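Structural characterization, general
Read off the chains here:
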Amino acid sequence: GGRTAMWRRARRALVDRADAWALRLRAWDRRCLATIAGQPRLKRLSKVFIAFTYFGDGYLWLAVLGGLSVLGTSLDRRRSLVMVLVTVLNVATFRLSKRVTKRVRPDTEAALALRFRYLDSYSFPSGHATTSFGMAYMLSHFYPLWPVQAAAFAAAGLIAFSRVYVGEHYPSDVLTGAALGVAVAALLVPPLSAWLLP
């Protein structure tokens, strides 16, 4: 009886802490979203951010992979295949995560204006950030030149930030998506490279 009561108290305390942490995270998310939406300097770059949110639909990375496949060597084509396979698994991972968490997207003016674009109703984690940072990691891994690395991560960062700017994601959605994309890529690139690359 005593041990059961002690276990219940410990579990209740753990749940209370998790709830408090979740509330603090939600409040931080909303503050950041409001701060970004209210920045007049950022509004001057609205067209740039909207362009990057569209690029993040896959067009930018498809162009990169297409260029490597058509203009590159046989090694570039094999590397492109590795990147495609990892990206497919990244898509599967973030879609599964969204189904589990079921976090509703932000309800902002910017989000309402773009709502017709939604592929789904859930926001956690950001699919754009997941796939973009996964691609940035792989491009940096396969082509370890600072201009490539800087361009890849700058593009991924702009895509991720644009998702917050247009009101489709909370900051924690894109931060988690970025970490997830890099983690999946870092985990899968070595075995896939050993299998597919000469």
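Residues numbered from 1 in each chain as written. Predicted model: local features only at pLDDT ≥ 70, side-chain atom pairs only at ≥ 80, totals over all residues. Heavy atoms only, no water.

Moving on: helix α8 (residues 171-196). Taking 1.5 Å per residue as the helical rise, α8 with its 26 residues ought to reach 38 Å, and the 36 Å between its terminal C-alpha atoms agrees with that figure. Bending of α8 peaks at approximately 35° at the position of Val189, with proline Pro190 no more than four residues after it. (Helix = DSSP H or I, 4+ residues; strand = E, 2+ residues; numbered from the N terminus. Expected span 1.5 Å × (residues − 1). Bend = angle between axes of the 7 residues up to and from the residue.)

Let us now look at the packing of aromatic side chains. Taken as a whole and judged by the stated rule, the model has four aromatic pairs. Here the aromatic rings of Phe52 and Phe55 are separated by 5.5 Å at their centres, their planes lie at 80°, and the arrangement is edge-to-face. With Phe52 and Phe55 both in helix α3 (residues 46-71) and three residues apart, this pair spans about one turn of that helix. With a relative accessible area of 17%, Phe52 lands in the buried category. (Phe/Tyr/Trp six-rings, centres within 6.5 Å; stacked < 30°, edge-to-face > 60°. Buried < 20%, exposed > 50% of the residue type's maximum accessible area, 1.4 Å probe, protein only.)

The subject of this paragraph is the pattern of salt bridges. Counting across every chain of the model gives three salt bridges. Close ionic contact of Arg103 with Asp173 constitutes a salt bridge, the shortest N to O distance being 2.9 Å. Here Arg103 is found in the loop between α4 (74-101) and α5 (109-113), whereas its partner Asp173 is found in helix α8, with 70 residues between them in sequence. For the pair Arg103 and Asp173, one class covers both residues: buried. Three or more residues joined by partner-sharing salt bridges are found here, namely Asp29, Arg103 and Asp173. (Salt bridge = Lys/Arg side-chain N within 4 Å of Asp/Glu carboxyl O.)

Averaged over all residues, the pLDDT of the chain is 87; the fraction at 70 or higher stands at 90%. Across the chain, the element-wise mean pLDDT spans from 51 in α5 up to 96 in helix α6 (residues 127-142). (pLDDT = per-residue confidence, 0-100.)

Turning our attention to the side chain of Thr130. Mapped onto the fold, Thr130 is located in helix α6. The contacts of Thr130, once residues within four sequence positions are left out, are Asn90, Phe94, Pro125, Gly177, Ala178, Leu180 and Gly181. (Contact = heavy atoms within 4.5 Å.)

The next point concerns the packing of α6 against α8. The contact between α6 and α8 brings their axes to 7 Å, and the two run at 40°. Classified by the angle between their axes, α6 and α8 sit oblique to one another. Here the hand of the crossing between α6 and α8 comes out right-handed. Where α6 abuts α8, its residues Ala129, Thr130, Phe133, Gly134, Tyr137, Met138, His141 and Phe142 lie against Val174, Gly177, Ala178, Leu180, Gly181, Val182, Ala185, Ala186, Val189 and Ser193. For the contact of α6 with α8, the per-class residue count stands at 12 nonpolar, six polar and no charged. (Axes fitted to C-alpha atoms, helices over the stretch in contact; angles between N-to-C directions. Parallel < 35°, antiparallel > 145°, perpendicular 65-115°, else oblique. Left-handed = near helix turned anticlockwise from the far one by under 90°. Nonpolar A, V, L, I, M, F, W, Y, C, P; charged D, E, K, R; others polar.)

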